[in-house]
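Tertiary structure, described
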Amino acid sequence: MARNRFQDGPGPSQRQLRVSEVIRRQLSDVLMRGDVHDPELNRLSITVGEVRVSPDLKVATAYVVPLGGQNADDMFALLDRNKGELHRAVSKGLTLKFAPELRFRLDETFDNLDEARRLFSDETVRRDVEG
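Because the structure is a prediction, the values reported are computed rather than measured.

**Considering the pairing of strand 1 (residues 46-53)**
In this structure, strand 1 lies alongside strand 2 (residues 59-66), joined through seven bridges in antiparallel fashion. Among the inter-strand pairings, V51 is bridged to a residue of strand 2, identified as A62. Counting the residues in the hairpin turn of strand 1 and strand 2 gives five residues, including L57, whose phi is positive at 60°.

And the structure:
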């Protein structure tokens, strides 16, 4: 990520974090309300877990997962098919000169959380942590 004069370590700037959160909320609202004119996409329940914005604010990567984790391929096909309409709907809530390009990736944090729970419930790991 970009370095700036206000931050020593790598990572997103405060502006990137603010823009990311605004885009996440806008995209979540658009998908929840069914503002897209595609009945197939409106039937899906999609969770937007996180949005990461590039340092130049030109690309926004949304990490999404369908309800229950099923039919991810269909979800991505529908999101890509409606990318232009989603871009317009999200850009209405932004105060930026240019709205970033939307990209979609599968959010795997829930899978990682399940794996961490499984590891911590293992008897040998629990014994090592306690002792």
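Additional details are given in the paragraphs that follow.
**Here's the deal with the confidence of the model for the protein chain**
Of the residues in the protein chain, 92% have a pLDDT of 70 or more, and the chain-wide mean is 85. No element of the protein chain has a lower mean pLDDT than helix 5 (residues 109-121), which averages 74, and none a higher one than strand 3 (residues 101-106), which averages 95.

**Comments concerning the side chain of S54**
Mapped onto the elements, S54 comes out in the loop between strand 1 and strand 2. Within polar-contact distance, the side chain of S54 engages the side chain of D56 at 2.6 Å. One polar contact links the side chain of S54 to the main-chain amide nitrogen of K58, over a distance of 3.3 Å. Among residues more than four places away in sequence, those in contact with S54 are Q16 and V59.

**Some words on the nonpolar core**
Counting 26 residues, the largest nonpolar core has I23, L27, L31, V64, L79, L86 and F104 as its most contacted members. Of all elements in the fold, only helix 1 (14-33), strand 1, strand 2, helix 3 (72-81), helix 4 (83-91) and strand 3 reach the threshold of two or more residues within this core. Not counting chain neighbours up to four residues away, the residues in contact with L79 comprise L31, L41, I46, V64, L86 and F104.

**Section: the sheet that holds strand 1**
What the three strands build is an open sheet, ordered 1-2-3; its pairing is mixed. Among the strands making up the open sheet, the edge pair consists of strand 1 and strand 3. Averaged over all neighbouring strand pairs, the angle between strand axes comes to 30°, with direction disregarded. By the bridge criterion, six bridges tie strand 2 to strand 3 in an arrangement that is parallel. Opposite Y63, over in strand 3, you have R105 as the bridge partner. Sitting on the sheet, helix 1 touches strand 1, strand 2 and strand 3, and the angle it makes with strand 1 is about 155°.

**Overview of the packing of helix 1 against helix 4**
Running from amino to carboxyl end, helix 1 crosses helix 4 at an angle of 120°, the nearest separation of the two axes being 9 Å. The angle between helix 1 and helix 4 places the two elements in the oblique class. Remark: the crossing between helix 1 and helix 4 carries right-handed chirality. Note on element contacts: helix 4 touches helix 1 through L86, A89 and V90, opposite I23, Q26, L27, V30 and L31. Tallied by class, the residues present in the contact of helix 1 with helix 4 amount to seven nonpolar, one polar and no charged.

**What to know about the pattern of salt bridges**
A full pass over the atoms with the stated rule returns eight salt bridges. Across the salt bridge formed by R25 and E21, the nearest N and O atoms sit 3.5 Å from each other. Taken together, the positions of R25 and E21, both in helix 1 and four residues apart, correspond to about one turn of that helix. The exposure class of E21 is partly exposed, given its relative accessible area of 28%.

Reading the values: rules and limits
Sequence order as written defines residue numbering, which begins from 1 separately in each chain. Under the rules for a predicted model, residues below a pLDDT of 70 receive no local features and side-chain atom pairs below 80 are neither given nor counted, while totals for whole chains, interfaces and linings still include all residues. With hydrogens and water excluded, all non-hydrogen atoms of the structure serve as input to the side-chain values. Strands pair, by our definition, only if DSSP identifies at least two bridges between them. Where helices and strands are cited, they refer to DSSP runs of H or I of at least four residues and of E of at least two residues respectively, numbered from the N terminus. What pLDDT expresses is the predictor's confidence in each residue, scored from 0 to 100. In protein, a polar contact requires one atom able to donate a hydrogen and another able to accept it; more generally it is a pair of N or O atoms within 3.5 Å, and residues adjacent in sequence count only if both atoms are side-chain atoms. By definition in these notes, contact holds between two residues if any of their heavy atoms fall within 4.5 Å. Put simply, buried Ala, Val, Leu, Ile, Met, Phe, Trp, Tyr and Cys residues joined by side-chain atoms within 4.5 Å make one nonpolar core. A simple rule labels every residue: compare its accessible area, found with a 1.4 Å probe on the protein chains alone, to the largest value its type can have, and call it buried under 20%, exposed over 50%, or partly exposed in between. An axis is simply a line fitted to the C-alpha atoms; with a helix, the fit covers only the stretch in contact. Between two such axes, the angle follows the N-to-C directions and lies from 0 to 180 degrees. Put simply, angles under 35 degrees are roughly parallel, angles over 145 are roughly antiparallel, angles from 65 to 115 are roughly perpendicular, and the rest are oblique. Left-handed describes a crossing whose near helix is turned anticlockwise from the far helix by less than a right angle; the clockwise case is right-handed. When residues are sorted by character, Ala, Val, Leu, Ile, Met, Phe, Trp, Tyr, Cys and Pro go into the nonpolar class, Asp, Glu, Lys and Arg into the charged class, and all the rest, Gly among them, into the polar class. Salt bridge criterion: a side-chain nitrogen from Lys or Arg within 4 Å of a carboxyl oxygen from Asp or Glu.

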